[in-house]
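Examination of the molecular architecture
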Amino acid sequence: MDYSRPELADKLAAEYALGTLRGPARRRFENLLPAHPSLRRATTDWERRLETLTASTPAVTPPPRVWQGIQNRLFGAHDALQASGTQIGQMASDAARSVVRWWERLALWQGAAGMATAAAITLGVMLAQPVPVQPPIVVVMGAQNEAAGNGIQPASYVASVSGDGRSLVVKPLSEGQTVALNKALELWAVPAKGAPRSLGVVSQQNATTVLRTALLKDTAAFALTVEPPGGSPSGKPTGPIVSVGKLQL
């Protein structure tokens, strides 16, 4: 998996920071962090973003006059308590109701603040969440007998196109396979109608990454041909077809 892709790195970092990436997947992500700067940057950005949103509501300390008023109402008339139990009982009852109302207002305010914080977190995550990464499209490019007829070893390759159609990885199915000595292997996007488009020269033994915009546009198949060193001089296929695969969308 190409962890250097910004979309993939941001998606994994968001799930990790939010805590939705769990179990073996979370441990695997943590093991990948030291070796992938893009994952570390994305994770740091998400943790900083969520730290701002999830800052806890600060505690509110009642003003001194509130507690002083409660103490005066409860304990400021000791003689009156002895003289008139009914009157003092009423005062205590009023003070208790006042305290209850004050705490109810405080709890209501804190509850509203908590709901606002939760709403802000949800909205922030919804706005910042990247578009889900589309799965790659895999095209198996089978060996062509045309190559063998020209004294060239046929070969099978596989092409993997990203879901957004901006990158392609092509590699041989057999490691160390050599198609042609002192020749170049050129990749082509073949439309249903019209001339093939060159996607550049690729390696005969290792995986090659091709970056283009709209790789899938007007493309019905991918083909590999044997060309002179550096690729076709005319911009059109000149050598035998080594491998070809149809695109199934």
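Residues numbered from 1 in each chain as written. Predicted model: local features only at pLDDT ≥ 70, side-chain atom pairs only at ≥ 80, totals over all residues. Heavy atoms only, no water.

**Some details on the sheet that holds strand β2 (residues 157–161)**
Rule in force here: At least two bridges found by DSSP between two strands is the condition for calling them paired. Helix and strand definitions follow DSSP, with helices as H or I runs of at least four residues and strands as E runs of at least two, each counted in order from the N terminus. A fitted line through C-alpha atoms serves as each axis, taken over the contacting stretch for helices, and the angle formed by two N-to-C directions is quoted from 0 to 180°.
Within the open sheet, the 8 strands sit side by side as β5-β4-β7-β8-β1-β2-β3-β6. Their pairing is antiparallel. Strand pairing shows two members of the sheet lacking a second neighbour, β5 (197–202) and β6 (208–211), which therefore form its edges. In this sheet, adjacent strand axes meet at a mean angle of 25 degrees when their direction is disregarded. Inspection of the sheet shows strand β4 (residues 184–190) paired to β5 by 5 bridges, in the antiparallel sense. Across the sheet, the residue bridging to Trp-188 is Ser-198, located in β5.

**Description of unusual backbone geometry**
In the Ramachandran plot, Ala-214 falls in the positive-phi region, its phi being about 55 degrees despite a non-glycine side chain. Locating Ala-214 in the fold gives a position in the loop between β6 and β7 (221–227).

**Some details on the confidence of the model for the protein chain**
To keep it simple, the criterion reads: Known as pLDDT, the predictor's per-residue confidence is scaled from 0 to 100. It only takes one pair of heavy atoms within 4.5 Å for two residues to be counted as in contact.
On average, residues of the protein chain score 75 in pLDDT, and 65% of them reach the 70 mark or higher. Every residue in residues 79–85 is under pLDDT 50, and counting partners more than four places away or in other chains gives 2 contacts.

**With respect to the nonpolar core**
Heads up, the condition is: Among the buried residues, those of types Ala, Val, Leu, Ile, Met, Phe, Trp, Tyr and Cys that are joined through side-chain atoms within 4.5 Å form a nonpolar core. A simple rule labels every residue: compare its accessible area, found with a 1.4 Å probe on the protein chains alone, to the largest value its type can have, and call it buried under 20%, exposed over 50%, or partly exposed in between.
Among the nonpolar cores identified, the biggest contains 21 residues, and Met-141, Leu-168, Leu-187 and Phe-222 are the most heavily contacted of them. Counting only elements with at least two residues in this core, the list comes to β1 (137–143), β2, β3 (167–172), β4, β5 and β7. In this structure Leu-168 touches Ala-159, Ser-160, Val-161, Leu-187, Thr-208, Thr-209, Val-210, Leu-215 and Phe-222, once residues within four positions along its chain are discounted. Ala-14, Leu-33, Trp-46 and Leu-50 belong to the second-largest nonpolar core, a separate cluster that totals 14 residues.

**Re the packing of helix α1 (residues 6–18) against helix α2 (residues 23–32)**
Applicable threshold: By definition, any crossing whose near helix is turned counterclockwise from its far helix by less than a right angle is left-handed, and any crossing with a clockwise turn is right-handed. For this classification, Asp, Glu, Lys and Arg are treated as charged, while Ala, Val, Leu, Ile, Met, Phe, Trp, Tyr, Cys and Pro are nonpolar and the rest, including Gly, are polar.
The contact between α1 and α2 brings their axes to 11 Å, and the two run at 115 degrees. The hand of the α1/α2 crossing is left-handed. Contact residues: Leu-12, Ala-13 and Tyr-16 in α1; Arg-26, Phe-29 and Glu-30 in α2. The residue makeup of the contact of α1 with α2, split by class, is 4 nonpolar, no polar and 2 charged.

**Points about a nonpolar patch on the surface**
This is how the line gets drawn: Exposure above 30% relative accessible area and no salt bridge define the residues that can form patches, which grow by joining like charges within 9 Å and nonpolar side chains of Val, Leu, Ile, Met, Phe, Trp and Tyr within 5 Å. To measure how exposed things are, a 1.4 Å probe is used in the Shrake-Rupley method; for residues, cover is taken only from the protein chains shown. Salt bridges are defined by distance alone: a side-chain nitrogen of Lys or Arg within 4 Å of a carboxyl oxygen of Asp or Glu.
Residues Val-138, Val-140 and Leu-173 make up a contiguous nonpolar surface patch of roughly 290 Å² in combined accessible area. Along the chain, Val-138 falls in strand β1.

**Considerations on the pattern of salt bridges**
As enumerated under the stated definition, the model contains 3 salt bridges in all. In this structure, Lys-11 and Glu-15 form a salt bridge, with 2.8 Å as the shortest nitrogen-oxygen distance. Highlighted residues: Lys-11 and Glu-15, both in helix α1, separated by 4 residues, approximately one helical turn. Between Arg-26 and Glu-30 there is a salt bridge; the shortest N-O distance is 4.0 Å. Highlighted residues: Arg-26 and Glu-30, both in helix α2, separated by 4 residues, approximately one helical turn.

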